[in-house]
Amino acid sequence: MTMLKSLLLGTAAGLVAMTGAQAADLPVKAKAVQYVKICSLYGAGFYYIPGTDTCIKVGGWVRSQTGSGYNGSMTNGPMVGNVNNRSTTDLSTRNRGYITADARSQTEYGTLRSYIAVGLNGDNATSTLNATASAFSSNRAFIQLGGLTAGRASSFYDFMTYSAVSYNGGSVWTPAGTDTGDGGQHVLAYTVQLGGGLSATISAEEHSAKTAAVGQYATAGTLTTASATSGDRGIKAPDFVGNIRLEQAWGSAQIMAVAHDASANYYTSTGATHPSDIWGYALGTGLKINLPMLGKGDYFEVQYNWTKGAIKYATAGTSLLKTSGGTSGYGTMSDGVYGLTGDIELTTAWSLGAAYQHNWDPKMKTSLYGGYSAVQYTTAANALMCTAALLLTGCDQDFSTWQVGSRTEWAPVSNLAVGIDVLYTKLVSANSGTTTTSDNQQAWVGQLRIQRNFFP
């Protein structure tokens, strides 16, 4: 028995030794890793891409909108080409969905960031004969490194956050047309941080996104609008934008300026001569004041713009026309005006937009917003436009709009918003020289929006 026990113990010891020797020859199994690791460098929602030092945040949103009184377009609205009869589309719908990705990493030159927002946009048809319009959209795609920004982003002229207080932009809420908003535009910019919340930026930006066609008035038009031949020349230079911005606990402020090429094409199709090249410009200033004493997150903001030969920095830049019975209210948008000879007469435009947002509680907020915009032509430009359109004595192509609106938004659950926005517009029309052909117009629009955000 003693011999058998010794034999068994020896055999077991040999097997253990052999197993240990073989195990020493096998690869060592790696330790388990946390494949999704939180990245706290850039705020909530970021995590490390496995195997890299790059942090990424993925998000997006889905939106459904239904509007009334928009003349078939929730971008242009009731004052753009509205015949105001049974053929007008009074019910408008829009559905959008976007996916966003924000990737960042640290380098010796500062934070390297790339951001993209891509999605689908679908608006209702403008008549029963048309199919619903749908399109792929990419409204943001830019790279940042330190102070450099390159790609499709917001203009560095922008200040007031129009989309945060209203569902209306573009030509609907006129001062909001100055904001690049949903569409974005190409920028190549550099920002310097000066300390104490003060920064300065210079930027070369997409010219075509901020231009209203220079008009050549040489042929007869109609009695209700001063129609022109588009006299824009090809794009030769970007818009040059600069701003100085201050960010503080009390709010923020900004002054901004832009130089805009408003040069024209040839006088005639033969291309022999043309007006002298000319640049327009715009000046703006904005102020935002936080008002926590009135409600957590409350604020008031205002922006003023003055332009000459660069009217899309003060308005949406889309010509207006609404008909009511036998009269029409209208306003022609143009950076400048010229005839068959002579120089370009640059157009002056200015606007003021303001808004106050109040948070009733964490789930409910209401904004009150409004604005005024005016477009003014020189005496020479007015004469060219009135003669070309066969308009009568007393013709005056200057016009203005004033607006007031309110939006209330409710968040029944986290990351879901349901809101209603109502806007009133008064168009003080350009004058054709007789009250039987032109008159002031007014319009109401309203919309319901439901939006689900799915970001961390």
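In case you missed it, the structure is sitting above this.
First, a word on scope: everything that follows refers to the structure included in this document. (Residues numbered from 1 in each chain as written. Predicted model: local features only at pLDDT ≥ 70, side-chain atom pairs only at ≥ 80, totals over all residues. Heavy atoms only, no water.)

**Examining the overall build of the chain**
- Counting its regular elements, the chain contains 2 helices and 24 strands.
- The buried share of the chain, reckoned over its 456 residues, is 43%.
- Of the contacts made within the chain by residues no fewer than 6 positions apart, 66% connect residues no fewer than 24 positions apart.
- For the chain, the exposed area adds up to about 22,600 Å²; of that, 63% sits on carbon and sulfur atoms. (Helix = DSSP H or I, 4+ residues; strand = E, 2+ residues; numbered from the N terminus. Buried < 20%, exposed > 50% of the residue type's maximum accessible area, 1.4 Å probe, protein only. Contact = heavy atoms within 4.5 Å. Areas by Shrake-Rupley, 256 points an atom, 1.4 Å probe, with all protein chains shown as cover.)

**Details of the pairing of strand β24 (residues 441-453)**
- By the bridge criterion, 8 bridges tie strand β3 (residues 55-68) to β24 in an arrangement that is antiparallel. Across the sheet, residue Thr66 finds its bridge partner in β24, namely Leu448.
- In this sheet, β24 lies alongside strand β23 (residues 416-428) in antiparallel orientation, the contact comprising 12 bridges. From the neighbouring strand, Leu416 faces β24, where its bridge partner is Arg452. (Pairing = 2+ DSSP bridges.)

**Description of the state of the cysteines**
- Summed over all chains, the structure comprises 2 disulfides.
- Here Cys39 is linked by a disulfide to Cys55, with a sulfur-sulfur distance of 2.1 Å. On the S-S bond that ties Cys39 to Cys55, the torsion sits near 80°, and the link is right-handed. Placement of Cys39 in the loop between β1 (37-38) and β2 (47-48) and of Cys55 in strand β3 is noted, with a sequence separation of 16 residues between them. Of the two residues, Cys39 and Cys55, neither departs from the other in class, the shared state being buried.
- In this model Cys386 forms its disulfide with Cys395; the gap between the sulfur atoms is 1.8 Å. A torsion of -75° about the S-S bond marks the disulfide between Cys386 and Cys395 as left-handed. (Disulfide = S-S within 2.5 Å.)

**Description of the packing of aromatic side chains**
- Throughout the structure, instances matching the rule amount to 13 aromatic pairs.
- For the pair Tyr162 and Trp173, a centre-to-centre distance of 5.1 Å together with 80° between the ring planes defines the contact as edge-to-face. With a gap of 11 residues between them, Tyr162 in the loop between β7 (148-153) and β8 (185-195) and Trp173 in the loop between β7 and β8 connect regions that are remote in the sequence.
- When its relative accessible area of 2% is taken as the criterion, Tyr162 is described as buried.
- Under the relative-accessibility criterion, Trp173 is labelled buried at 0%.
- Each member of the aromatic cluster is reached from another via a ring pair, and the members are Tyr162, Trp173 and Tyr369.
- Directly above the ring of Trp61 sits Arg63, whose terminal nitrogen or CZ lies 4.2 Å from the centroid. (Phe/Tyr/Trp six-rings, centres within 6.5 Å; stacked < 30°, edge-to-face > 60°. Lys NZ or Arg CZ within 6 Å of the ring centre and 35° of its normal.)

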